[in-house]
Amino acid sequence: MQSHMPSLSCHTAQLLLGNLGDYAESYTKQLGPKAGDHLSTVEKDTNGEVLWVWCYPSTTATLRNLLLRKCCLTDESKLLHPFVFGQYRRTWFYITTIEVPDSSVLIKVTHFSIVLTAKDFNPEKYAAFTRILCRMYLKHGSPVKMMESYIAVLTKGICQSEENGSFLSKDFDARKAYLAGSIKDIVSQFGMETVILHTALMLKKRIVVYHPKIEAVQEFTRTLPALVWHRQDWTILHSYVHLNADELEALQMCPGYIAGFVDLEVSNRSDLYDVFVNLADSEITIAPLAKEAMTMGKLHKEIGQLIVQSAEDPEKSDSQVIQDISLKTREIFTNLEPFSEVSGDGKKLVLNIEALKQRRFPPATENFLYHLAAAEQMLKI
């Protein structure tokens, strides 16, 4: 366990005395925290200094620097972001930040952030849990109660909220997190161009999304993986990335991704994307090197029309729109089946390119099916 106890934050002086040490020691002996699970507190004091005051378990300097960068308390614009989330090297981070009222026992603190890291994508779950931890910290001015609740949730999936009943992990199903965004909103903004996003995701391309407001970036990017619902893969989502060398290195190790940025400078980094979405200006740009794989044809027009018609139907919910797109996607994979054969080692299906060419699809369709097979690792090596 790490603790940084600056003299400016007097209430932190007893952080590791008594109960807190006992809880942590007992928990660590019994189970140990899961890899990736971590809780910490960042404060901004009355002198404007940002302090990493408490952390369990100990963490690396790299991760601490990343989380301080994500925490809006270090942002020079001084904008308060109540909740942000993102991913770094397969670990999700969730940060809730609040302003400290005059009535709080935290007399030398103006704002603080509760930071959680975890292995699962579930913003609603961790937003609710960090809000509970914030209220505890405001009331007690010490992490002891937070630590109790944190360990209770990790070990039993439940903790008591002092104001309104219990927090239950099982109330937050992962599928609900996957369906929380609105496909209909995306189609409303981009219309037929939504098919560019669908194609990029099908081909496991790199999508970069820019908007100056992090809330807009997060809402938009978290919804995109639903366009390829058959994969149900949110590990491709990196909803809050800075133009930082370490973060970009981690990002570029991923074969395909959705990455969100609030710095317009990213538009000049064509090495980072195949498709660039300027959310603020409602513009989608395909990078020159990706144009061949992303050539649009009759099949894409059909998919685009289906997406738009489904999304514009007032009777249909977002989940029904996702279902419609998913059925069309399944149809595309059915198109690939006649040209697939078992590989020599009998371990997987591979594309028979000659059989595909003999079918004489329109060039754009043949091109798309070929690149889709490549994305699905169906090409013979």
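About the thresholds
- Residues numbered from 1 in each chain as written.
- Predicted model: local features only at pLDDT ≥ 70, side-chain atom pairs only at ≥ 80, totals over all residues.
- Heavy atoms only, no water.
- UniProt positions renumbered as here; feature names shortened; annotations may be inferred.
- Phe/Tyr/Trp six-rings, centres within 6.5 Å; stacked < 30°, edge-to-face > 60°.
- Helix = DSSP H or I, 4+ residues; strand = E, 2+ residues; numbered from the N terminus.
- Buried < 20%, exposed > 50% of the residue type's maximum accessible area, 1.4 Å probe, protein only.
- Lys NZ or Arg CZ within 6 Å of the ring centre and 35° of its normal.

- The name that an unreviewed UniProt entry assigns to the chain is DENN domain containing 10, with the source organism given as Canis lupus dingo.
- Regarding the chain, the relevant UniProt record gives this comment under Subcellular location (unreviewed entry): "Late endosome".
- Listed in UniProt under the heading Sequence similarities (unreviewed entry), the comment for the chain reads: "Belongs to the DENND10 family."

Some words on the packing of aromatic side chains
Logical step 1: With the rule as written, the count across this model stands at 16 aromatic pairs.
Logical step 2: Judged by centre distance (4.4 Å) and plane angle (25°), the rings of Tyr-94 and Tyr-126 are stacked. Taken together, the residues span a long stretch of sequence, with Tyr-94 in strand β5 (residues 91-99) and Tyr-126 in helix α3 (residues 123-140) at a distance of 32 residues.
Logical step 3: In this structure Tyr-126 comes out as buried when scored by relative accessible area, which is 9%.
Logical step 4: Residues Tyr-178 and Trp-229 carry aromatic rings whose centres are separated by 6.3 Å and whose planes lie at 80° to one another, so their mutual orientation is edge-to-face. Here the residue Tyr-178 occupies a position in helix α5 (residues 174-178), and Trp-229 occupies one in the loop between α8 (214-223) and β10 (237-238), the gap between them amounting to 51 residues. With respect to burial, Tyr-178 and Trp-229 carry one shared label: buried.
Logical step 5: The structure contains a cluster of three or more aromatic residues connected by ring pairs, namely Phe-83, Phe-85, Trp-92, Tyr-94, Phe-121, Tyr-126, Tyr-178, Trp-229 and Trp-234.
Logical step 6: The ring of Tyr-240 has Lys-70 sitting right over it, with the charged end atom 4.8 Å from the ring centre.
Logical step 7: Of note, Arg-359 hangs over the ring of Phe-361, and the distance from its end group to the ring centre comes to 4.5 Å.

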